Number of protein chains: 2
Amino acid sequence: MENIYAKRVEKIRSIMRKKGWDAVIISGSDPHSSEYMAPRWHQVEWVSGYSGEGEIVITLDHAGLWTDTRYFIQAAKQLPGTGIELHKTRVPDQVLIPEWLANVAFPSTNDKLVAVAVDGDCQAISDVNDIIDAFKASGREEYKIVNAPEMLSELWEDRPDIPQTSIITLGDEQVGWSRIQKISWLRKFLMEKECDAILLTALDEIAWTLNVRGSDIDYNPVVMSYLLVSMDEVNWYVKKRAIPKSDQETIDSFYELKADGVNIRDYSDIAIELASLSDEDGDRKLFADPSTLNYNLYNILMGNPSASVMTGKSPVALRKSIKNSVEIAGMKEAHYEDGLAMEKFLHWLETTVNSGAIISEYDAAVKLGEFRSQIPGYRGDSFETVSAWGEGAALPHYITPKDGSTTIGNHGLYLNDSGGQYLFGTTDITRTVALGPCTHLEKEDYTIVLKGHIGLAMAVFPKGTAGCQIDVLAREPMWKTFRNFGHGTGHGIGFYLNVHEGPQDIRQNFNRQAIVPGMITSNEPRIYREGLHGVRHESLVLCVEADKNEFGEFLKFETLTLCHIDTAPIIKELLNDEEKTWLNEYNERVYRELSPRLPIEVAQWLRKKTLPI
Amino acid sequence: MENIYAKRVEKIRSIMRKKGWDAVIISGSDPHSSEYMAPRWHQVEWVSGYSGEGEIVITLDHAGLWTDTRYFIQAAKQLPGTGIELHKTRVPDQVLIPEWLANVAFPSTNDKLVAVAVDGDCQAISDVNDIIDAFKASGREEYKIVNAPEMLSELWEDRPDIPQTSIITLGDEQVGWSRIQKISWLRKFLMEKECDAILLTALDEIAWTLNVRGSDIDYNPVVMSYLLVSMDEVNWYVKKRAIPKSDQETIDSFYELKADGVNIRDYSDIAIELASLSDEDGDRKLFADPSTLNYNLYNILMGNPSASVMTGKSPVALRKSIKNSVEIAGMKEAHYEDGLAMEKFLHWLETTVNSGAIISEYDAAVKLGEFRSQIPGYRGDSFETVSAWGEGAALPHYITPKDGSTTIGNHGLYLNDSGGQYLFGTTDITRTVALGPCTHLEKEDYTIVLKGHIGLAMAVFPKGTAGCQIDVLAREPMWKTFRNFGHGTGHGIGFYLNVHEGPQDIRQNFNRQAIVPGMITSNEPRIYREGLHGVRHESLVLCVEADKNEFGEFLKFETLTLCHIDTAPIIKELLNDEEKTWLNEYNERVYRELSPRLPIEVAQWLRKKTLPI
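Definitions and cut-offs
- Residues numbered from 1 in each chain as written.
- Chains lettered and ligands numbered in written order.
- Predicted model: local features only at pLDDT ≥ 70, side-chain atom pairs only at ≥ 80, totals over all residues.
- Heavy atoms only, no water.
- Helix = DSSP H or I, 4+ residues; strand = E, 2+ residues; numbered from the N terminus.
- Rg over C-alpha atoms; globule rule 2.2 N^0.38 Å.
- Contact = heavy atoms within 4.5 Å.
- Lys, Arg positive; Asp, Glu negative; His and termini not counted.
- Charge placed at Lys NZ, Arg CZ, Asp CG, Glu CD.
- Pairing = 2+ DSSP bridges.
- Right-handed = clockwise from strand over helix to strand, strands pointing away.
- Least-squares fit on C-alpha atoms with pLDDT ≥ 70 in both.
- Expected span 1.5 Å × (residues − 1).
- Buried < 20%, exposed > 50% of the residue type's maximum accessible area, 1.4 Å probe, protein only.
- Polar contact = N/O pair within 3.5 Å; in protein donor to acceptor, adjacent residues only side chain to side chain.
- Buried area = accessible area lost by both parts, 1.4 Å probe.
- Salt bridge = Lys/Arg side-chain N within 4 Å of Asp/Glu carboxyl O.
- Core = buried A, V, L, I, M, F, W, Y, C linked by side-chain atoms within 4.5 Å.
- Arc of directions from axis to C-beta.
- Phe/Tyr/Trp six-rings, centres within 6.5 Å; stacked < 30°, edge-to-face > 60°.
- Lys NZ or Arg CZ within 6 Å of the ring centre and 35° of its normal.
- Axes fitted to C-alpha atoms, helices over the stretch in contact; angles between N-to-C directions.
- Parallel < 35°, antiparallel > 145°, perpendicular 65-115°, else oblique.
- Left-handed = near helix turned anticlockwise from the far one by under 90°.
- Nonpolar A, V, L, I, M, F, W, Y, C, P; charged D, E, K, R; others polar.
- pLDDT = per-residue confidence, 0-100.
- Patch = residues over 30% accessible without salt bridge, like charges linked within 9 Å, V, L, I, M, F, W, Y side chains within 5 Å.
- Areas by Shrake-Rupley, 256 points an atom, 1.4 Å probe, with all protein chains shown as cover.

Student: Please set out the overall build of chain A residue by residue, giving values where relevant.
Tutor: For chain A, the helix and strand inventory stands at 18 helices and 28 strands. For 613 residues, the compact-globule formula gives about 25 Å, and the C-alpha radius of gyration of chain A, at 25 Å, lands near that figure. Taking the principal axes of the C-alpha coordinates as reference, chain A spans close to 70 × 60 × 60 Å. Looking at chain A alone, contacts between residues at least 24 apart form 71% of all its contacts between residues at least 6 apart. Here chain A contributes 63 positive and 89 negative side-chain charges, whose respective centroids are spaced 1 Å apart.

See below:
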């Protein structure tokens, strides 16, 4: 058994035998249920070598990775030799971890009780409750959940520390709503719910509430912290012990926050605080969101006789998703600047490839980063750029390798999915362009995905409509030609915050959250042709009011993203007049708005690219 | 206080005072949760004079009718003078009966306990559970549900009897699946669920299982009964005491059923049976569907120490909705015959109106009934015909009055929504036709609703897709022009059974039931212009397989209804090429299939009506 990961799994099994655990769940998240984590919480990768999203379950005779359609190919490449088997999710016959645990036969154990150990720091209580519910549903009553925070630390010698980066604050003129206003809004919520305090645990919700940003997680401008807001106190639990004197940004931010009544406490103090919460009348009622409150903190709260917990959806999630006028203006500026960078990049790409120069997918990603970094207020990318030519674009979450990435050829389709973080907004765009002659299938796929993109972009819908009720508008052109894609069509996006946020989305899943004016969501239908090519057209759309009459109130989308859609690979006969009109108007708008700020040769090139079809 | 209904409400209040009830719910259904009821269970109409769907709640100081958008206009006409107020449902700020009861202030009562009396015969346990849940959610803990079956009988002197009509059986060659096969399939279900017996309470489910039909409820060919299937017995509880010797059909049916092992018991014996159910081991586990099991029977079961109940969705509902090949062939025949009758009718209507003859909406309905009744195997209509010209068509559930119905003019739109019951199937069709010049708004509405109808008719979707995920295909052309309609787009339909059945539907509500090959559903988008006109285009569609490839399995619809769509009111510029092609192909198919069996003058007329646009 040479494989380093197989050895790690065996070491975990030694601990399991010692402690009497029958199963261990290796969490795919951090103490805040973050989608992306700082390296300290790359537990799944440390255990398995697999670097995508997912969770691992280890029993004494089995080890499995649970992940969804997006990562099947990657898992198939990275898992062999580890002894870890792939369990597929988001497939019709999926068995999720809770059901699997509740129904699997365990090898004989010391006692009859099935012990499932979870890293309570990194498992939300809603996840643990799912496991408990599955055991109840299976009729298997002899089980226990073992809270084992930091279970890997004794094996993981060089485990990275909790990150601690500089913190900045955003002014009211940048965000429209001051932290004092947000806190007083939260206190109204507490009065309605008859609670004494709210504990915010999701990092983007905390950053939004305090109007602070950091860079503790790559691409996600958040600060590792907890926020406890009561009727008379605001306590922010954040890594603060070793702020270097040179870090004037953080020092200034702390001063500003203190001036606004925010007490700065240490990140690790949250456990002590929750354990000792009390009130004159002996009961302190805390509101928390079970989808991001971790099991360990929950247990601490439950162990405090003076505290009680009301769980429910955090009010911040919805409020944060509905951008105010200042945020909308910022997002529009971000898309204007980002569009200029994209057009400069696409011009550079086409002329460079056509000149016969040898450039790789990675070179292209670097070049785009250079264009973006020239924008004042640029704070880095909003996620790792996907720069893929040919079959690389057929991988849903292609990571463009630094070394040995494919050389871009002068034919076929090139796909770029990327985005920037700016002090005034966040972008996320995908454009697919032809770098020369394309196959008929490439053209057909390109055009049909475009029909879906336009179908959703043109949508009009009554107030109260949820994303799952309009998702088909992006899919029906594909379904009609017996094509489909296994993911969502759209996700919410933060204002200089995480590139993925809820509560709304546009996908097949039954998410009842309505699309509300002010929400910004992506519109990104796609096709993957394994081994051949991939197509994706992605713009961000803002929900706005459309009309109000005897039939009700109607909403529509305004496309924020400004970057032309390549007309070269289009099979015109597949577009109807309405679709052609939308496309021509969109490309004309891109030219009109961007050309005044583009270098003359790029503007001239863009004029040709945006001629009507 | 002269109003007869106001007096009835007061009489009910006298009973309430005597019994100490704080609220009484007047059920809008019968002991089987039927959508349409025999006259004995027209309680709501008896109490209020209001003849639409809905439920009434009476307290000592309030009386209210709860009903949805379809009936607001009708309620507004029928309620004045009764003292009963309209409570609107299916509107954004609706407060349903359970929430209303749990939160309303009651006038001081004899004791602190709020007593809500329900007619346990006519209230499903799921309805009662909703009330209990609402009280729990409101934090109001002092309430009790009083089971008061037959509560109105002492006031309602001439209350009609439980109906008892002739019963027929359908042969295996008519239905494809024998009752013996269906019973053995139910027994497999019982084994899976580890239950001893299943109690079927929904009338259409019983008719389907036993392959029997009756006419106990207008338009619904069902038999008032209960069915108890155990591992070794099949007991059918049905009105049988006074079968006249002349009723050879029923006598023969009972013989046939007995020969297949079905014991015929009296309808009223179900209560005794459930009260005395027992087993050797002292526990008899019964499966029942809480949405159609009434509260009274449930209480009887709960009072039997030897019985226990497992509640869940009846397996019959889904199985019944997936038509087998014999049923599909029958439904196609029904639509062929029904289409001939419709074309004869539309030809008659147009020529008669154009000849200057005075005919009313009601005359037209009668004439259509005549054409249908000439079809061998015709068993009556599947619901009350809506025959409406002009503004009558703007009422969602217009009842064409026998006396004083509108004279049909030689201009504008005429709408006919009707259907037939045949031994080999059930139909439900709406056609809107121009009887001369139309206004621009009529034409625009006509064309836009047609776009929606075609959008859904052409739908292709992956296996597993639910109706709410494709409903938008019928709505988006309306939404784009800021139009909408407040109902569902499609309902399931039985095989020579109820014209409305589940479990699938096509509407905005989140019904997770997938559309499965073999299901037949209506496609009926519409527009109502109050005071002006209404448009509806309705055909039934059969779900069939479309393709299977690397992207999955795809399904589509086949339109079963055969009757041309009038091209006269169409604004051609509003249809795209794909829509025109669908329409021309459909009309050509109607002509090709129907014309050989139509009288020559109708066939010639139909040729002109189906020329391509």
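Student: With reference to specific residues and values, describe the pairing of strand β4 (residues 85–89) of chain A.
Tutor: Residues and elements named next belong to chain A. Strand direction decides the pairing type here: strand β3 (residues 63–68) and β4, joined by 5 bridges, are parallel. Across the sheet, T67 pairs through a bridge with K88, a residue of β4. Crossover connection from β3 via helix α3 (residues 72–78) to parallel β4: handedness right-handed.

Student: Describe the relation of the copies chain B and chain A, with residues and values.
Tutor: Between chain B and chain A, which share one sequence, the superposing operator has a rotation angle of 180° and an axial displacement of 0.1 Å; the RMSD is 0.0 Å. In the structure described here, the two chain copies are related by an operation that fits a two-fold rotation axis. Among all residues of chain B, the minimum C-alpha distance to the rotation axis is found for Q469 of chain B, at 2.7 Å. Mapped onto chain A, 100% of the interface residues of chain B again fall at the interface, so both copies present the same surface.

Student: Account for helix α17 (residues 577–594) of chain B, naming residues and giving values.
Tutor: All names here are of chain B. Compared with an ideal rise of 1.5 Å per residue, which puts 18 residues at 26 Å, α17 spans 26 Å between its outermost C-alpha atoms and is within 8% of the ideal. Residues E579, W582, L583, N584, Y586, N587, V590, Y591 and L594 constitute the buried set of α17. Residues of α17 that are buried in the fold lie against α13 (325–354), β20 (429–434), α15 (440–457), β27 (539–549), β28 (552–559) and α18 (600–609). Sitting at the amino-terminal end of α17 is N576, which places a side-chain oxygen 3.2 Å from the backbone nitrogen of E578.

Student: Now, about the interface of chain B and chain A: what can you tell me, with residues and values included?
Tutor: On the side of chain A, 33 residues touch chain B, which itself brings 33 residues to the contact. Carbon and sulfur atoms make up 62% of the surface buried where chain B meets chain A, a total of about 3000 Å² over both sides. Looking at the side of chain B facing chain A, the largest losses of area belong to F482, F510 and F551 of chain B, adding up to 26% of the total buried there. Counting across the interface, chain B meets chain A through 2 salt bridges. Here E550 of chain A ties to R529 of chain B by a salt bridge, and the two come within 3.1 Å at their closest N and O atoms.

Student: Describe the nonpolar core, with residues and values.
Tutor: Judged by nonpolar contacts, the single largest core of 139 residues is most densely connected at L349 and F557 of chain A together with L349 and F557 of chain B. Sort the elements by how many residues they give to this core and helix α13 (residues 325–354) of chain A lands first, with 10 residues. In this view, L349 of chain B contacts I359, A364, I408, Y414, V433 and L435 of chain B; residues no more than four positions away in its chain are not counted.

Student: Tell me about α18 of chain B, and please be specific about residues and values.
Tutor: Two residues of an α-helix separated by three or four positions point the same way, owing to the 3.6 residues in each turn. Residues and elements named next belong to chain B. Those residues of α18 lying buried are V602, A603, W605, L606 and K609. Projected onto a plane normal to the axis of α18, the buried residues spread over an arc of 165° and lie on a single side. Summarising the geometry of α18, the exposed residues directed more than 90 degrees from the buried face are I600 and K608.

Student: Please provide a residue-by-residue account of the pairing of strand β8 (residues 197–200) of chain A, values included.
Tutor: Residue and element names in this part refer to chain A. Burial along β8 is two-sided: the face carrying A197 and L199 and the face carrying I198 and L200 are both buried. Here β8 runs beside strand β10 (residues 225–230); their pairing, made up of 4 bridges, is antiparallel. Among the inter-strand pairings, A197 is bridged to a residue of β10, identified as S230. By the bridge criterion, 3 bridges tie β8 to strand β13 (residues 284–288) in an arrangement that is parallel. Its bridge partner being in β13, L199 is matched across the sheet by A288.

Student: I'd love a proper account of unusual backbone geometry, names of residues and values included.
Tutor: Residues and elements named next belong to chain A. Here the bond from G502 into P503 is cis, since omega is 0°, no more than 30 degrees from zero. Within the secondary structure, P503 sits in strand β23 (residues 501–506). Positive phi values are uncommon outside glycine, yet Y219 reaches one of about 70°. Tracing the backbone shows Y219 in the loop between β9 (212–213) and β10.

Student: Describe the packing of aromatic side chains, and please don't skip the residues or the numbers.
Tutor: Residues and elements named next belong to chain A. Under the counting rule described, the total for this entry stands at 35 aromatic pairs over all chains. Measuring from centroid to centroid gives 6.0 Å for W177 and W208, while their planes differ by 55°, and the two rings are tilted. Here the residue W177 occupies a position in the loop between α6 (172–175) and α7 (179–193), and W208 occupies one in helix α8 (residues 203–210), the gap between them amounting to 31 residues. On the accessibility criterion, W177 (17% relative accessible area) is buried. Through a chain of ring-to-ring contacts, the aromatic side chains of W177, W185 and W208 assemble into a single cluster. A cation over a ring is seen here: K258 above Y255, with NZ or CZ 5.9 Å from the ring centre. In this structure, R607 packs its charged tip against the face of Y591, placed 3.9 Å from the ring centre.

Student: Provide a residue-level description of the sheet that holds strand β16 (residues 386–389) of chain A, including the pertinent values.
Tutor: Residues and elements named next belong to chain A. Taken in spatial order, the 3 strands make up an open sheet running β16-β17-β20, and their pairing is antiparallel. Edge positions in the open sheet fall to β16 and β20 (429–434), since each of these has one partner strand only. Strand after strand, the sheet turns through a mean of 10° between neighbouring axes, direction not considered. Where β16 lies against strand β17 (residues 413–418), 4 bridges are found, and the strand directions are antiparallel.

Student: Residues and numbers for the packing of helix α10 (residues 269–276) of chain B against helix α11 (residues 295–302) of chain B, please.
Tutor: Residues and elements named next belong to chain B. It is at 7 Å that the axes of α10 and α11 come closest, and there the two elements cross at 30°. By the angle between their directions, the pair α10 and α11 is classed as roughly parallel. Of the two elements, α10 crosses α11, and the hand of that crossing is right-handed. Taken together, the residues of α11 that come into contact with α10 (itself represented by I270, A271, L274 and A275) are L297, I300 and L301. A per-class count over the contact of α10 with α11 returns 7 nonpolar, no polar and no charged.

Student: Describe the confidence of the model for chain A, and please don't skip the residues or the numbers.
Tutor: When pLDDT is averaged across chain A, the result is 94; 99% of the residues are at 70 or more. Across the whole predicted complex the pTM is 0.92, and at the interface the ipTM reaches 0.89.

Student: So what's going on with the pattern of salt bridges? Which residues, and what values?
Tutor: Tallied over the entire structure, the rule returns 56 salt bridges over all chains. The partner of D471 of chain A in a salt bridge is R475 of chain A, with the nearest N and O atoms 2.5 Å apart. Exposure remark for R475 of chain A: the relative accessible area of 2% places this residue in the buried category. Across the salt bridge formed by R483 of chain B and E444 of chain B, the nearest N and O atoms sit 2.8 Å from each other. Of the two residues, R483 of chain B sits in the loop between α16 (472–480) and β22 (490–492) while E444 of chain B sits in helix α15, which places them 39 residues apart along the sequence. Among the residues examined, R483 of chain B registers a relative accessible area of 4% and is labelled buried.

Student: Residues and numbers for the side chain of D68 of chain A, please.
Tutor: Residues and elements named next belong to chain A. Considering the arrangement of structural elements, one finds D68 in strand β3. A relative accessible area of 7% means that D68 is categorised as buried. In this structure D68 touches T89 and R90, once residues within four positions along its chain are discounted.

Student: Can you break down a negative patch on the surface residue by residue, with the values?
Tutor: Residues and elements named next belong to chain A. There is a patch of like negative charges on the surface, built from E99, D127, D130 and D133. Per-element tally for the negative patch: the top contributor is helix α5 (residues 125–138), with 3 residues. Assignment of secondary structure puts E99 in helix α4 (residues 97–103). Here E99 falls in the partly exposed class, since its relative accessible area comes to 36%.

Student: Give a description of the sheet that holds strand β6 (residues 143–147) of chain A that names residues and reports values.
Tutor: Residues and elements named next belong to chain A. Across the sheet, 6 strands lie side by side as β4-β3-β2-β1-β5-β6; this open sheet has mixed pairing. The sheet terminates laterally at β4 and β6, the two strands that pair on one side only. If you compare each strand with its neighbour and ignore which way they point, the axes differ by 25° on average. Where strand β2 (residues 55–59) lies against β3, 4 bridges are found, and the strand directions are antiparallel. The residue of β3 that forms the bridge with I58 is A63. Strand contacts of helix α1 (residues 4–19): β1 (23–26), β2 and β3, with the helix running at about 55° to β2, the strand carrying the most contacts. Against the sheet, α5 contacts β1, β5 (114–118) and β6, and its axis sits at roughly 170° relative to β6.

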